[in-house]
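What follows is the residue order along each chain.
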Amino acid sequence: MNLKQGKWLVAVSGGPDSMALLQMCLEDGVDCGCAHVNYHHRMQADEEEAYVRAFCASHSIPCHVLNEPFVYSGNFEAAARKRRYAFFAQIVKEFHYSGVLVAHHMDDAIETFLMQEEKGLIPDWYGLKEERMLEGMLVVRPLLSYTKKQLEDYCNERGIRTFFDETNDDTKLTRNRFRHDVLDQMSLFEKQMVMEEIKRKNAVLQERRCRLRTEIREDAVDLDRYRALPEEERLTLLYEFLKDTVSYSRKGLQEVDHVLCTRKDFLIPVGEKQLIQKEGRVYCVSPVVPYVCQISGPKALSAVSCPYFRIEQGVPGVNAVTVTEADYPLTIRPAEAGDKIRMRFGAKLVHRFFIDRHITRYERTCWPVVLNAAGDVILVPGLGCDIDHYSISPTFSVIQYFSHE
């Protein structure tokens, strides 16, 4: 992209990668400012900050520094990344930058790719994408065609001082292990060949994704069409279907895929939601919220609101019931194990009704039943009312319906 259009924020740590990027922007006449985050995590952090400030001052570059105490929990790298990108987004918005430039290079892209392959991930993008949106801002990586050594040489040739992060030598970290054990042994040609492989895999991945997204219609996937796809395409479609809900490794996707392909009915937890089957389609839905609706009298019927059923004017049929004053207060709740209803042909377990009518596991968790003041089940929508609460002029009907919100 043409960086000479617009004004850009350059993320600068003081290392050779980011110093090279900042110098390149100066030499190319890019209108830019600098953003530096001091985590106070290393002994030389304050020295790095002072150097970045001095470099920017000597070149008349606006310098934005975050120098507040950094308190975090869990993984430092993850917390630090979240902190700096939130800071970048704040500066981009406040000072109207076009976006932020970060100094990820070819070695970073290859390391990311190797980590994705080792973990068996199906990622959004293999390696690192040149442009992406993050925190509501455009993030651009202009240096993906450069190796780390080329950037170090660039700084040395121009006499630019750079700082070395000693944590990069810690081979307990997966990324550093790949850096020292694999990338340091590769020639430039070999690295370029890996980048070509990444490019090829991304082209295949994006074509497949675009094609398979069309299988997601009205927030659902047809189960027969899903099962007819080759495994790799099923996994890609499953990834697209779930990516806004939960992140899975390839192995995790394969486990979900196995259930979808082998079971007629299922209820699979996926993050905070569930995968369910309904009439041959797969939906990703929120778990059923337990409910108990108490109805004190006839006037309260119209005030009942629930996402799993609605109350309508009574019409004779399997959804209708006739009640008297003695039946109040009524209770409407999901069917429970052991619930029975007395029909003309004898008592029937609600569970047997579910089995006979092939009611899905998900629907069973929210299917309403109506109980009278005595605690007797007097209506199971779809099955009917009990023998004592039938008439040709029912009081109301309960319409159970499927919600995939």
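In this report, the structure presented in the accompanying data block is examined. No experiment lies behind these values; they were computed from the predicted model shown. (Residues numbered from 1 in each chain as written. Predicted model: local features only at pLDDT ≥ 70, side-chain atom pairs only at ≥ 80, totals over all residues. Heavy atoms only, no water.)

**Overview of the overall build of the protein chain**
Counting its secondary structure elements, the protein chain contains 12 helices and 21 strands. With respect to the three principal axes, the spread of C-alpha positions in the protein chain is 95 × 45 × 40 Å. Burial statistics for the protein chain: of 405 residues in total, 48% are counted as buried. Here the contacts in the protein chain between residues at least 6 apart in sequence split such that 69% fall between residues at least 24 apart. Working note: accessible area of the protein chain is about 21400 Å², and carbon and sulfur atoms make up 51% of it. Side chains of the protein chain carry 52 positive and 59 negative charges; the gap between the two charge centres is 5 Å. (Helix = DSSP H or I, 4+ residues; strand = E, 2+ residues; numbered from the N terminus. Buried < 20%, exposed > 50% of the residue type's maximum accessible area, 1.4 Å probe, protein only. Contact = heavy atoms within 4.5 Å. Areas by Shrake-Rupley, 256 points an atom, 1.4 Å probe, with all protein chains shown as cover. Lys, Arg positive; Asp, Glu negative; His and termini not counted. Charge placed at Lys NZ, Arg CZ, Asp CG, Glu CD.)

**Re unusual backbone geometry**
For the bond from tyrosine 328 to proline 329, the omega torsion is 0 degrees, close enough to zero to count as cis. Among the secondary structure elements, proline 329 is positioned in the loop between strand S14 (320-321) and strand S15 (330-334). Even without a glycine there, the phi angle at glutamate 218 is positive, about 50 degrees. Structurally, the position occupied by glutamate 218 is in the loop between strand S7 (216-217) and strand S8 (220-222).

**Digging into the sheet that holds strand S10 (residues 273-278)**
Here we have 5 strands laid out as an open sheet, ordered S7-S8-S11-S10-S9, and antiparallel in their pairing. Each edge of the open sheet carries a strand with a single partner, namely S7 and strand S9 (267-270). Here S7 pairs with S8 via 2 bridges, running antiparallel. Residue pairing across strands places arginine 217 opposite alanine 220, the latter belonging to S8. (Pairing = 2+ DSSP bridges.)

**Side note on the packing of aromatic side chains**
Going through the model one piece at a time under the given rule, you end up with 15 aromatic pairs. Each ring, one from tyrosine 51 and one from phenylalanine 163, has its centre 5.7 Å from the other, and the planes form 55 degrees; the classification is tilted. Of this pair, tyrosine 51 sits in helix H2 (residues 45-58) while phenylalanine 163 sits in the loop between helix H5 (148-157) and helix H6 (174-181), and the two are 112 residues apart along the sequence. Classification of tyrosine 51 as buried rests on a relative accessible area of 15%. Take phenylalanine 163: its relative accessible area is 7%, and that puts it in the buried class. A ring pair is formed by phenylalanine 353 and phenylalanine 354, whose centres lie 5.8 Å apart and whose planes are at 45 degrees; its orientation type is tilted. Taken as a pair, phenylalanine 353 and phenylalanine 354 share a single burial class, namely buried. Grouped by ring-pair contacts, the aromatic residues Tyr39, Phe70, Tyr72 and Phe76 constitute a single cluster. Lysine 7 extends its terminal NZ or CZ atom over the ring of tyrosine 97, reaching a point 4.8 Å from the ring centre. One Lys or Arg, lysine 201, reaches over the ring of tyrosine 126 and ends 4.6 Å from the middle of that ring. (Phe/Tyr/Trp six-rings, centres within 6.5 Å; stacked < 30°, edge-to-face > 60°. Lys NZ or Arg CZ within 6 Å of the ring centre and 35° of its normal.)

**Describing the environment of lysine 119**
Structurally, lysine 119 can be placed in helix H4 (residues 106-119). Given the relative accessible area of 49%, lysine 119 is considered partly exposed. When the C-alpha positions of lysine 119 and serine 302 are compared, they lie 54 Å apart, and in sequence the two are 183 residues distant.

Everything listed here is a matter of coordinates, which is why it stays silent on function.
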